[in-house]
Each structure stands twice: as C-alpha cells, then as structure tokens.
Amino acid sequence: MTSKQGRRGSAMAKKNVNKNTKLDTSPVLKGEQAKQKDMKQLQIYDIFSLAALVLVVAVCVAPLAAEMSISSFPHHKHIVQKMDEAFLAVNNELNTDITVSWVSERCYQCLYQNLGVVSGAPSPGQPSSADFVVSTQHTITLQLNSTEANLELCTFPFHFGEHGNYSLWVKNLNNSSLSNCSVVTDADPVNSYIPILIAFLVLVGLAVVYAIGKTLLGLNAVRSIFFQITGTMETERLINSELGSPGRTVTTVTDNILPPPPSPSKRLRSLDTFRGISLVIMVFVNYGGGRYWFFKHESWNGLTVADLVFPWFVFIMGTSIALSINSLLRSGTSRSSVLKKVVWRSLQLFIIGVFIVNPNYCQGPISWDNLRIPGVLQRLAWSYLVVACLDLLVARAHLDIISMEAWWSCGLDILLYWPAWLCVLLMEVIWLCLTFLLPVPGCPTGYLGPGGIGDMGQFINCTGGAAGFIDRWLLGEKHIYQNPTSRVIYATHMPFDPEGVLGSINSILMAFLGLQAGKIILHYRDVHTSIMSRFLIWGLFLGVISAVLTRCSTDQGFIPVNKNMWSLSYVTTLACFAYVLLVLVYYTVDVKKWWSGAPFYYPGMNSILVYVGHEVFEDYFPFRWRMVNSQSHAEHLTQNLVATSCWVFISYVLYRKKIFWKI
C-alpha cells in the first residue's frame, strides 16, 4: 500500500515538473536548464567511468589471483608453503652431523640464526636428509658447520625463489678434509611479480584510454556527435547562442590561497594532487600492498616505497600552512584567532589519533593499561601545532614579489623569516645532542642500531638508542608500539615506536621545509620559472646534505636513513624527493595544465576523511573479504587495489557533492 502511494506521489510530482517546464518559454532559461542537464550527464559519465575503472581493475586482476594461487610444480615433501617461502632439502653425505645457519643480506653485522641440524650419513652412499623452509624476500647467506668439531664447512649466498624446491648437497671431495656444497633446483619457483606487472599495465592502459577519450571529447566534431547520440543537439545550440561557447574557460574562485594581485586567486591543484599521491600510496601500503616486501616499511636502515609517503604528507601539510595562514591574515583575521584555530585543530587530530585510529583495537576493546599514545595523526597534530605557531610569529599579511635583480634576493625568502629558522635549527641541535650525547643504561652513547641480533648481538636491548630510551622513560613500555619492523630481520624484542617523542623534532623539520615551499609560492607568485628553480635548488641542497650524512651508503654513514627513528638524513632525503616531485606535479598540473591531477586530486581534497575512513573501515567489505588462498600475492594485490580504488571513488563522489571534511 505504501509503495503504491509512493508511485502515485512520484507520478504527480513528475506531472507538476512537466507543467512547470512547459510554462518556461524564455530561451535563456531553457539554455540554463539544458546546460544543467548536460552537466549532470557529464557528471554521471565521469562517475560511471570511475566506477568502470574500479571494476576493470578487479576483473582483470582477480582471475590472475586464482591462477597464481595454484602451483603445478612437483614437491618432494608435502609441506604447505606460505608467501615468500621456499622448500630446501639438505642432503648430508658426510659421516658427521652438520649445523645449518643463515643470515639475511639486509641484516647489517648480524649473528647467524640456526636453521637446523642434519645428522651424518648412516653409511657411504646413503646420505641423510632434513627439510627446511627458507625465506625468499632477500638473498640469504647459508653457513654449514660441523657439529662435532665446530668447523666451517662452507658459506655461500643464495636467493631462493618463492615456492621453489631446492636441494643442498654436502659431499666430500677427494681430500676428506675438504667439503663441497652445491644447490640444485628441483622445481622452479613461481614469478610472484607477474601480478604487479599485470596490474601496472592495466592501470596504465586505463589511464591512456581515459586521456584519449578526454582529448576526443574536447574536439568540437566529437562533441557534436556525442550530443547527437544523446539527443541534446538543440541544447548545444542554445548554450552556444545564449550562454557562450562551451569551450570557453571560466576562472572559478575555489579558495583564496594566493594573493589577489596580479590575477584572481585560485587554488593550486598541484598541492592537492601531491597530497593525494602520498595519501593513495599510504592507503595502499597500509592495506598490505599485496604483501610484497618493498611495499612494507624497511626493517631498519634504508628505504622502501612505504617509507616515502608519510614524510611527503607532512611536507605538503607545511606548504598548506604557509598558504592558509597568509590567506587568513590577508582577510583581516587576527593572529590570536588563527592561533585558537590552530590549537583546536591540533587537539582534534590528536584525539582522533588516540581514540579512533589506534592499533590497539586489533586486540579488542581499548585498555588504558596498554593504550598507545604516539601515532600518525598525533605526530601530524604536533608538527602542525609547532610549525603553524612558528609561521604565525613571522608571517606577513601583505607580501611583495621578490625581484631577482639584487644579488641577495635569492635568500630573501629565508632572511625574512630568520626567527623561525633559528627556532628550527635550535630544535635540531637538541635532537643531535639527545641522540649522540644522552647516556643510555647498558648501551653505547650515540647508538643508532636496531639491537637484537644486529651488531653481532652485543646490544640486544638497545633498539633505537636514545630515541627508544626516551619513549620508554616518558610514556612507558606498554604505551608505545609493541611490534616494530626491526623484529622481522633483526629479531628484536624491545618495543619501539616509529612515531616517538624524539623523532617528532625531525617531523617538525620536515613540515617546516614544506612551509618553505609555500613561502616560495607566495613570494614568487605567478613567476613559474622562479618557483620551479627555487624548488630544484632546495632539492639539490638537501640531496647534498643527505649524501654527506649517509656517505652514500645504507648502513655506514654518520647518520643513516632510518624511518623508524626519523633520522636527520631521512628527513633531508625525503624532503629532496618531495621538492623534485612537487616540481614535476606543479609543472604538469598548474603550469602546462597537461594533467588535471585526477584521480589523486580528489582524495587530496578530502585527506583526513580518507585516512580516518580507511583505518576505521579496514575490515569491512568491499575493503576486505575472505580469500580463496590467503598465501597468494595476486589475491592480496587484488584486494588492496580494489580497496584503494574504492576510496578514490568515494573521494570523487564526495568532491562532486562538494562534501569536504575539514577539522
């Protein structure tokens, strides 16, 4: 009964709408209505195009998941192999027991870990055998020792392939005092990187098709055919005659970021695109990144793809601070009012990070006894608060465009804000003093290692040196991160938080370097060559500092690149990359307008909502579902790509609806 009444009401509403439409005889009103109709059709076309993109990714990669999950290779033993594992059978023809040990090439100065013992051959010509499972993520070095005499028989590096079957033969040479070790591949491994290649080709193909389609729709001939097919040719004529050409450009005022002179203020799409790039990669790696090791955080020193995105997000946050505070001051807002907004926003970010986006929920209801206090949003809140306050001290409401004629003009964007730079440099001095001079009980002063089996096992409980000690002293062991990435390779057991107290100083530096990018945009506004050259100069300068600090090595530098500790070289290296990436995005999006920034532009406009949402709804469909084979890279990659694409699509819909969550 209710449905019938609803249909009758809908029919009556349609009749009323038709009557009202017939009463409007003005050609201008007809043109406006027709234009709105076309805009709605184009919006619907864009929405269905984006939905089709998500569907194609799922359809193209999902069959590969089932195909890759089935291994057709023969196995000597019925051992269930997981991801990044291979089967190794050690055959011993010696008459003595041997001990098999291993160490990863990514483990710097590490102790060998025991893999197992293979008993001696019972009789000549009858070797004894033992089966083991080895890791395939990185090259490992195998060491075989005689158990009785503790003599090294052989040591050799080998990179095992995923789900491969291998045999290691240990034999006597003619001289009984010498032994020979050789590895034979019994069954070829699978190529676990094929899913990435296929997913990459699918995404590139979709991007090419989208670009070609957009270019074709921009042609008048194609547009006329499109309007004829959709039956809106009369609408097109009215738009051209009454409302102007559809190809004309209209400057829209989306945000007063840039000062009014010499052109109307506009929002820089490159900044939102940059933010969206870092956010989309962050969501993808947080969802698992297909369980590939290079989409996970580095165990200690070094960089992976996952280590790039958070510092870039902090960097672009600093850039936005410079532009937004300048806009507020220029509009007449008092500094005290701006300060209140900054404090309130920082407090909101911190509360959301502690009570909503908290990894402790994986263990059940939140508990005050083991509540993790540091976190990603907490670090963003702290960095935002400090950098915004520093900018409020020195920011100017009205800026003059810097002339490049004077010899000292190249440093004027720094000299004008020297008090803020002095504060940041003092904070870096504090970081250096605490890191290298603070005595840590049971550990060498200035220790930067992971502890555990690293450094030959001499400093097992010294993970992170002063940084770990300060967190455990201030916050308590139960209130920091309990599963650091150093456990994967270095077998550490001490809790260590990558968003700890001491590293927050360097996150402030990262945001401040982003603030400097914002100052460059403000002072050299609309002078694209000056902006890009300054970005490149900063990138080169920071790259040189990184090369000096690291001595161009992963582990042997003065201050290695380390995401867990947010070391100084980590910040300078990632800031260097950020400036270079910002140049590329700025040039293609805002200068040449070759690229609109899509699809990264949309999540960049709703960054807080996307980040919080992907954390809160991580375990819900369509972001996660039960897999057929949970040990398949292809299935994990499919699931993670679909989940990430869903958030891109959600951000696009919210953008079309003009819904933006701002704190």
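How each quantity is defined
Residues numbered from 1 in each chain as written. Predicted model: local features only at pLDDT ≥ 70, side-chain atom pairs only at ≥ 80, totals over all residues. Heavy atoms only, no water. Helix = DSSP H or I, 4+ residues; strand = E, 2+ residues; numbered from the N terminus. Buried < 20%, exposed > 50% of the residue type's maximum accessible area, 1.4 Å probe, protein only. Contact = heavy atoms within 4.5 Å. Areas by Shrake-Rupley, 256 points an atom, 1.4 Å probe, with all protein chains shown as cover. Expected span 1.5 Å × (residues − 1). Core = buried A, V, L, I, M, F, W, Y, C linked by side-chain atoms within 4.5 Å. Disulfide = S-S within 2.5 Å. Axes fitted to C-alpha atoms, helices over the stretch in contact; angles between N-to-C directions. Left-handed = near helix turned anticlockwise from the far one by under 90°. Nonpolar A, V, L, I, M, F, W, Y, C, P; charged D, E, K, R; others polar. Pairing = 2+ DSSP bridges.

### Section: the overall build of the chain
Within the chain one finds 19 helices and eight strands. In the chain, which comprises 663 residues, the share counted as buried stands at 47%. A separation threshold of at least 6 residues defines the contact pool for the chain, and within that pool the share at least 24 residues apart is 71%. In the form shown here, the chain has an accessible surface area of approximately 32900 Å², with 63% of it arising from carbon and sulfur atoms.

### What about unusual backbone geometry?
Outside of glycine, negative phi angles account for most residues, and trans bonds account for most peptide bonds. In this structure, Pro-599 follows Ala-598 across a cis peptide bond, with omega equal to 0°. Here Pro-599 shows up in the loop between helix H16 (568-591) and helix H17 (601-605). Across the junction of Phe-621 and Pro-622, the peptide omega takes the value 10°, indicating a cis bond. With respect to the helices, strands and loops of the structure, Pro-622 is situated in the loop between helix H18 (607-616) and helix H19 (633-656).

### Details of helix H3 (residues 194-217)
Residue pairs spaced three or four apart in an α-helix point in one direction, given the helix's 3.6 residues per turn. Between the first and last C-alpha of H3 there are 34 Å, a value that for 24 residues agrees with the 34 Å anticipated at 1.5 Å per step. Here H3 has its buried residues at Pro-195, Ala-199, Val-202 and Leu-206.

### Things to note about H16
With 24 residues, H16 should reach 34 Å at 1.5 Å per residue; the first-to-last C-alpha distance of 32 Å fits that figure. Most of H16 sits inside the fold, with 18 of its 24 residues counted as buried. Phi turns positive one or two residues past the end of H16, at Lys-593, with a value near 55°.

### Re the nonpolar core
Core analysis: the largest hydrophobic core is formed by 102 residues, its most contacted members being Phe-315, Leu-513 and Phe-535. Of the residues forming this core, the biggest block, 14 residues, is contributed by H16. Those residues in contact with Leu-513 that sit more than four places away from it in its chain are Phe-315, Trp-421, Trp-538, Leu-542, Val-571, Ala-575 and Tyr-579. With 20 residues, the next largest nonpolar core counts Val-90, Ile-140, Cys-154 and Phe-160 among its residues.

### Let's talk about the state of the cysteines
Every disulfide links exactly two cysteines, by a covalent bond between their sulfur atoms. Under the criterion given, the structure shown has three disulfides. Here Cys-107 engages in a disulfide with Cys-110; their sulfurs sit 1.8 Å apart. Across the disulfide from Cys-107 to Cys-110, rotation about the S-S bond amounts to roughly -80°, and the bridge is consequently left-handed. Judged on exposure class, the residue Cys-107 and its partner Cys-110 are both buried. The side chain of Cys-154 participates in a disulfide bridge whose partner is Cys-181; the two sulfur atoms lie 1.9 Å from each other. Disulfide Cys-154-Cys-181: the torsion about the S-S bond is -85°, which places it as left-handed. One end of the pair, Cys-154, is in strand E6 (residues 152-158); the other, Cys-181, is in strand E8 (residues 179-187), with 27 residues separating them in the sequence. The disulfide pattern of the chain is 1-2, 3-4, 5-6 when the bonded cysteines are numbered in sequence order.

### A look at the packing of helix H6 (residues 269-286) against H19
Following both chains from N to C, one finds H6 and H19 inclined at 145°, their axes separated by 9 Å at the closest point. Relative to H19, H6 is oriented so that their crossing is right-handed. Here Arg-269, Val-280, Val-283 and Phe-284 of H6 lie close against H19, whose contacting residues are Leu-637, Asn-640, Leu-641, Thr-644, Trp-647, Val-648 and Tyr-655.

### Some points on the packing of helix H7 (residues 309-330) against helix H8 (residues 335-355)
As a packed pair, H7 and H8 sit with axes 10 Å apart at the nearest point and diverge in direction by 145°. For the pair H7 and H8, the crossing hand works out as right-handed. Across the interface between the two elements, Ile-325, Leu-328 and Leu-329 of H7 pack against Arg-335, Val-338 and Lys-341 of H8. For the contact of H7 with H8, the per-class residue count stands at four nonpolar, no polar and two charged.

### Let's talk about the sheet that holds strand E3 (residues 113-118)
Pairing is antiparallel in the open sheet, where four strands are placed in the order E3-E2-E5-E6. In this open sheet, the two edge strands, each paired with only one partner strand, are E3 and E6. Between one strand axis and the next, the sheet turns through 20° on average, direction left out of account. As paired strands, strand E2 (residues 98-104) and strand E5 (residues 140-146) are joined by seven bridges and run antiparallel to one another.

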